[in-house]
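# Survey of secondary and tertiary structure
Given next are the chains, with one letter for each unit.
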Amino acid sequence: MQPSIAVTQGSTKFCWICGKAVSLDDCKTDEHGSIVHEPCYTACMRLKNADENKKEIPADFPAWKERLREDCHLQGRHYAFAVLGDHVLQLLWEGGLEPTVEAVVDAVRQDKPN
Ligand SMILES: [Zn+2]
(Lines give C-alpha, C1' and ligand atoms only; values in the text may rest on other atoms or scores of the structure.)
Protein backbone atom coordinates (compact mmCIF):
# COMPACT_ATOMS: atom_id res chain seq x y z
CA MET A 1 0.00 0.00 0.00
CA GLN A 2 1.23 3.47 -0.85
CA PRO A 3 1.16 6.06 1.88
CA SER A 4 -1.27 8.74 0.73
CA ILE A 5 -1.07 11.11 3.67
CA ALA A 6 1.96 13.24 4.50
CA VAL A 7 4.25 11.55 1.99
CA THR A 8 7.87 12.47 2.43
CA GLN A 9 10.56 12.18 -0.22
CA GLY A 10 13.90 13.27 1.11
CA SER A 11 13.31 16.76 2.41
CA THR A 12 10.25 17.41 0.24
CA LYS A 13 6.95 17.49 2.09
CA PHE A 14 3.52 17.15 0.53
CA CYS A 15 0.36 18.91 1.55
CA TRP A 16 -2.26 16.26 2.43
CA ILE A 17 -5.08 18.56 1.31
CA CYS A 18 -4.03 19.25 -2.29
CA GLY A 19 -1.27 16.62 -2.63
CA LYS A 20 1.29 19.08 -3.95
CA ALA A 21 4.78 19.70 -2.63
CA VAL A 22 5.11 22.24 0.17
CA SER A 23 8.19 24.43 0.31
CA LEU A 24 9.63 25.31 3.68
CA ASP A 25 8.48 28.91 3.12
CA ASP A 26 4.73 28.25 3.08
CA CYS A 27 4.86 25.15 5.22
CA LYS A 28 2.34 24.89 8.03
CA THR A 29 1.23 22.09 10.30
CA ASP A 30 -2.42 21.42 11.01
CA GLU A 31 -3.94 20.35 14.33
CA HIS A 32 -2.82 16.74 13.66
CA GLY A 33 0.78 17.80 12.97
CA SER A 34 0.46 17.08 9.25
CA ILE A 35 2.15 19.32 6.70
CA VAL A 36 -0.17 21.62 4.73
CA HIS A 37 -0.09 24.81 2.67
CA GLU A 38 -1.31 27.82 4.58
CA PRO A 39 -4.06 28.62 1.97
CA CYS A 40 -5.16 24.95 1.81
CA TYR A 41 -5.47 24.84 5.59
CA THR A 42 -7.45 28.08 5.69
CA ALA A 43 -9.82 26.81 2.98
CA CYS A 44 -10.22 23.51 4.80
CA MET A 45 -11.08 25.25 8.07
CA ARG A 46 -13.60 27.45 6.29
CA LEU A 47 -15.32 24.38 4.86
CA LYS A 48 -15.40 22.72 8.25
CA ASN A 49 -16.94 25.81 9.83
CA ALA A 50 -19.54 26.02 7.07
CA ASP A 51 -20.50 22.41 7.81
CA GLU A 52 -20.85 23.17 11.48
CA ASN A 53 -23.02 26.19 10.79
CA LYS A 54 -25.32 24.06 8.67
CA LYS A 55 -25.78 21.62 11.53
CA GLU A 56 -26.95 24.41 13.78
CA ILE A 57 -30.52 23.16 13.53
CA PRO A 58 -31.94 22.79 17.06
CA ALA A 59 -32.49 19.19 18.07
CA ASP A 60 -35.80 19.85 19.78
CA PHE A 61 -38.91 21.36 18.25
CA PRO A 62 -39.62 24.12 20.82
CA ALA A 63 -36.08 25.50 20.34
CA TRP A 64 -36.42 25.32 16.56
CA LYS A 65 -39.77 27.09 16.70
CA GLU A 66 -38.32 29.79 18.94
CA ARG A 67 -35.49 30.37 16.46
CA LEU A 68 -37.94 30.64 13.59
CA ARG A 69 -40.13 33.00 15.59
CA GLU A 70 -37.10 35.22 16.21
CA ASP A 71 -36.19 35.19 12.52
CA CYS A 72 -39.76 36.13 11.55
CA HIS A 73 -39.63 38.92 14.10
CA LEU A 74 -36.28 40.21 12.80
CA GLN A 75 -37.60 40.27 9.25
CA GLY A 76 -40.95 41.74 10.22
CA ARG A 77 -42.77 38.75 8.80
CA HIS A 78 -44.87 37.58 11.72
CA TYR A 79 -47.60 36.45 9.33
CA ALA A 80 -45.28 33.82 7.84
CA PHE A 81 -45.02 32.29 11.28
CA ALA A 82 -48.63 32.86 12.27
CA VAL A 83 -50.25 31.26 9.20
CA LEU A 84 -48.43 27.97 9.75
CA GLY A 85 -49.81 25.78 12.49
CA ASP A 86 -47.65 23.81 14.89
CA HIS A 87 -48.37 20.66 12.89
CA VAL A 88 -46.86 22.07 9.68
CA LEU A 89 -43.92 23.60 11.55
CA GLN A 90 -43.18 20.31 13.27
CA LEU A 91 -43.16 18.49 9.91
CA LEU A 92 -40.69 21.06 8.57
CA TRP A 93 -38.50 20.65 11.64
CA GLU A 94 -38.59 16.86 11.28
CA GLY A 95 -37.49 17.36 7.68
CA GLY A 96 -34.31 19.05 8.93
CA LEU A 97 -35.23 22.49 7.70
CA GLU A 98 -33.31 25.53 8.91
CA PRO A 99 -35.37 27.73 11.24
CA THR A 100 -35.38 30.73 8.89
CA VAL A 101 -38.19 32.55 7.11
CA GLU A 102 -36.64 31.84 3.69
CA ALA A 103 -36.29 28.10 4.27
CA VAL A 104 -39.85 27.77 5.57
CA VAL A 105 -41.39 29.89 2.82
CA ASP A 106 -39.48 27.90 0.18
CA ALA A 107 -40.60 24.59 1.68
CA VAL A 108 -44.25 25.65 1.88
CA ARG A 109 -44.17 26.94 -1.72
CA GLN A 110 -42.87 23.59 -2.92
CA ASP A 111 -45.61 21.74 -1.04
CA LYS A 112 -48.36 23.94 -2.45
CA PRO A 113 -47.52 24.88 -6.04
CA ASN A 114 -50.71 26.93 -6.45
ZN1 LIG B 1 -1.97 22.33 -0.42
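Refer to the structure presented above.
Notes on the structure in this doc start here. (Residues numbered from 1 in each chain as written. Predicted model: local features only at pLDDT ≥ 70, side-chain atom pairs only at ≥ 80, totals over all residues.)

## As for the environment of T42
Secondary-structure assignment places T42 in helix α1 (residues 38–54). With 12 C-beta atoms counted inside 10 Å, the residue T42 sits in the exposed group. (Helix = DSSP H or I, 4+ residues; strand = E, 2+ residues; numbered from the N terminus. Buried ≥ 20, exposed ≤ 12 C-beta atoms within 10 Å, placed from the backbone.)

## A look at the environment of L89
Note that L89 resides in helix α4 (residues 86–94). Here L89 falls in the partly exposed class, since 19 other C-beta atoms lie within 10 Å of it. Counting along the chain gives 25 residues from L89 to W64, while the straight-line C-alpha distance between them is 9.2 Å.

## What to know about helix α2 (residues 61–74)
Here α2 is 14 residues long and its end C-alpha atoms lie 20 Å apart, about the 20 Å a rise of 1.5 Å per residue gives. Listing the buried residues of α2 in full gives W64, L68 and C72. Around the axis of α2, the buried residues are gathered within 75° of arc, so they sit on the same side. Away from its buried face, by an angle of more than 90 degrees, α2 presents the exposed residues P62, H73 and L74. (Expected span 1.5 Å × (residues − 1). Arc of directions from axis to C-beta.)

None of the figures reported here should be taken as evidence of function without further support.
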